[in-house]
Amino acid sequence: MSLERPTDDGDELLARLGSLTAQARELAELQRSRVELAVALQRGMLPRDLPTAPGLHLAVRYAPAFHGLNVGGDWYDAFTMPDGRIGLSIGDVQGHNIEAAAFMGQVRVGLRALAAVTGDPGELLSRTNDLLLSLGTDLFATCTFMRLDPSTGVLESARAGHIPHIWATADGQSGIAEDEGGPPLGIEEGVQYPVSRYRLTTGGVFVLLTDGVVEGPSLHVDEGLEQVVRLAGIAAVAGMEADALAAGVMKVAERVGHEDDAAVLVVGHDGPDRRP
């Protein structure tokens, strides 16, 4: 008696495995394309040039989340306002997908456009909040907006659900801003955002960042902020360039233990009597 091994079931199983493998490959390629598009959107919407003024130093660092197929909507921006002062913003859109990246562009463009109507940071955030609500999206964004007068060092700031900025002076003082903020943009109607005023003294620095720099599984946000406070304090006393400080702050982001966008904006000021 002879036994023959049935091949129909084996061939069918191999065919199914091949089909599933092809489908998985197509899905992976589609997701990779979406991530590449989101990253391109992010980079295309960030400013190519930063404004200049006597005594003013601006430096930025930005690292999108390439790994894990997660791309968020962090941004930074700096531009000259109609009255000659400098507008500075940094923020983070809820979510990690191409929609978040696109929404980031809407928020950034909205802030720039409305800055031509009002320069007051609190009113600017209020109007941007109303604008985003009118779009009918489910997304929201945290944001800090500052208006800096380079000739005097006076800096006005308003915050919408964003983590606080960090400051340091050349005489060795440093800390985390304790200004009062409001809710994120795009959640609640009719919000009024309080404005805090500071003075950027000669040799001093302000560090604006997103939570991807200082918060993650391996680093609690309080610990991360304190690390940046220490770094900013050392940089101000040592007269470190703004670009070097921004690079140092981004090193903190490498220790947070997760894959998220990270953005840093450093503002330094030498005073009107000195040049960069």
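Just so it is clear, the model here is predicted, and its values are computed rather than measured.

A. Expanded view of the side chain of Arg147. Residue position: Arg147 is located in strand β4 (residues 141-148). Only 3.3 Å separates the side chain of Arg147 from the backbone oxygen of Gly119, close enough to count as a polar contact. In this structure Arg147 touches Met81, Asp83, Arg85, Ile86, Gly119, Asp120, Pro121, Val154, Leu155 and Glu156, once residues within four positions along its chain are discounted.

B. Up close: the packing of helix α2 (residues 98-115) against helix α3 (residues 121-134). Viewed as axis vectors pointing N to C, α2 and α3 meet at an angle of 135°, and their least axial separation amounts to 10 Å. If you check the angle between α2 and α3, you find them oblique. Handedness of the crossing formed by α2 with α3: right-handed. Across the interface between the two elements, Phe103, Val107, Gly110, Leu111, Leu114 and Ala115 from α2 touch Leu124, Leu125, Arg127, Thr128, Leu131 and Leu132 from α3. In terms of residue class, the contact of α2 with α3 is made up of nine nonpolar, two polar and one charged.

C. Quick peek at the pattern of salt bridges. If you walk through the whole model with that rule in mind, you get ten salt bridges. One salt bridge connects Arg108 with Asp77, and the closest N-O pair in it is separated by 3.3 Å. Taken as a pair, Arg108 in helix α2 and Asp77 in strand β2 (residues 75-80) lie far apart in primary sequence, 31 residues in all. Taken as a pair, Arg108 and Asp77 share a single burial class, namely buried. Sharing partners across several salt bridges, the network here consists of Asp83, Arg85, Arg147, Glu156 and Arg197.

D. The environment of Glu123, seen in detail. Note that Glu123 resides in helix α3. Judged by relative accessible area, Glu123 falls into the partly exposed class, the value being 33%. Sequence separation between Glu123 and Tyr193 is 70 residues; the distance between their C-alpha atoms is 7.0 Å.

E. Examining the pairing of strand β3 (residues 86-93) more closely. With eight of eight residues buried, β3 is to be regarded as a mostly interior element. Side chains Ile86, Leu88, Ile90 and Asp92 of β3 all project onto a buried face; the interleaved residues Gly87, Ser89, Gly91 and Val93 project onto the opposite face, where all are buried too. The pairing of β2 with β3 spans six bridges and is antiparallel. By the bridge assignment for β3, Ala78 is matched with Leu88. Hairpin connection, β2 to β3: the antiparallel pair is bridged by five residues, and Gly84 has positive phi, about 95°.

F. Expanded view of the sheet that holds strand β10 (residues 262-269). With antiparallel pairing, five strands are arranged side by side in an open sheet as β1-β10-β9-β6-β7. Strands at the two margins of the open sheet, each flanked by one partner only, are β1 (56-63) and β7 (174-176). Strand after strand, the sheet turns through a mean of 15° between neighbouring axes, direction not considered. Direction of pairing for β1 relative to β10: antiparallel, over a ladder of eight bridges.

G. Up close: the sheet that holds strand β8 (residues 196-199). If you walk across this open sheet you meet the five strands as β2-β3-β4-β5-β8, and the pairing is antiparallel. The open sheet has two edge strands, β2 and β8, and neither has a second partner. Each strand of the sheet is rotated relative to its neighbour by a mean of 20°, with strand direction disregarded. The pairing of strand β5 (residues 154-160) with β8 spans four bridges and is antiparallel. Its bridge partner being in β8, Leu155 is matched across the sheet by Tyr198. Across the sheet, α2 lies against β2, β3 and β4, angled at about 20° from β2, the strand it touches most.

H. Seen up close, the nonpolar core. Counting 43 residues, the largest nonpolar core has Trp75, Leu88, Val107, Leu111, Leu125, Leu185 and Val267 as its most contacted members. At seven residues, the largest contribution of residues to this core is made by α2. Excluding residues that lie within four positions of it along the chain, Leu185 makes contacts with Val107, Leu125, Thr128, Asn129, Leu132, Phe140, Ala141, Cys143, Ala160 and Tyr193. Leu209, Leu219, Ala246 and Val256 belong to the second-largest nonpolar core, a separate cluster that totals 28 residues.

Rules of the game
- Residues numbered from 1 in each chain as written.
- Predicted model: local features only at pLDDT ≥ 70, side-chain atom pairs only at ≥ 80, totals over all residues.
- Heavy atoms only, no water.
- Helix = DSSP H or I, 4+ residues; strand = E, 2+ residues; numbered from the N terminus.
- Polar contact = N/O pair within 3.5 Å; in protein donor to acceptor, adjacent residues only side chain to side chain.
- Contact = heavy atoms within 4.5 Å.
- Axes fitted to C-alpha atoms, helices over the stretch in contact; angles between N-to-C directions.
- Parallel < 35°, antiparallel > 145°, perpendicular 65-115°, else oblique.
- Left-handed = near helix turned anticlockwise from the far one by under 90°.
- Nonpolar A, V, L, I, M, F, W, Y, C, P; charged D, E, K, R; others polar.
- Salt bridge = Lys/Arg side-chain N within 4 Å of Asp/Glu carboxyl O.
- Buried < 20%, exposed > 50% of the residue type's maximum accessible area, 1.4 Å probe, protein only.
- Pairing = 2+ DSSP bridges.
- Core = buried A, V, L, I, M, F, W, Y, C linked by side-chain atoms within 4.5 Å.

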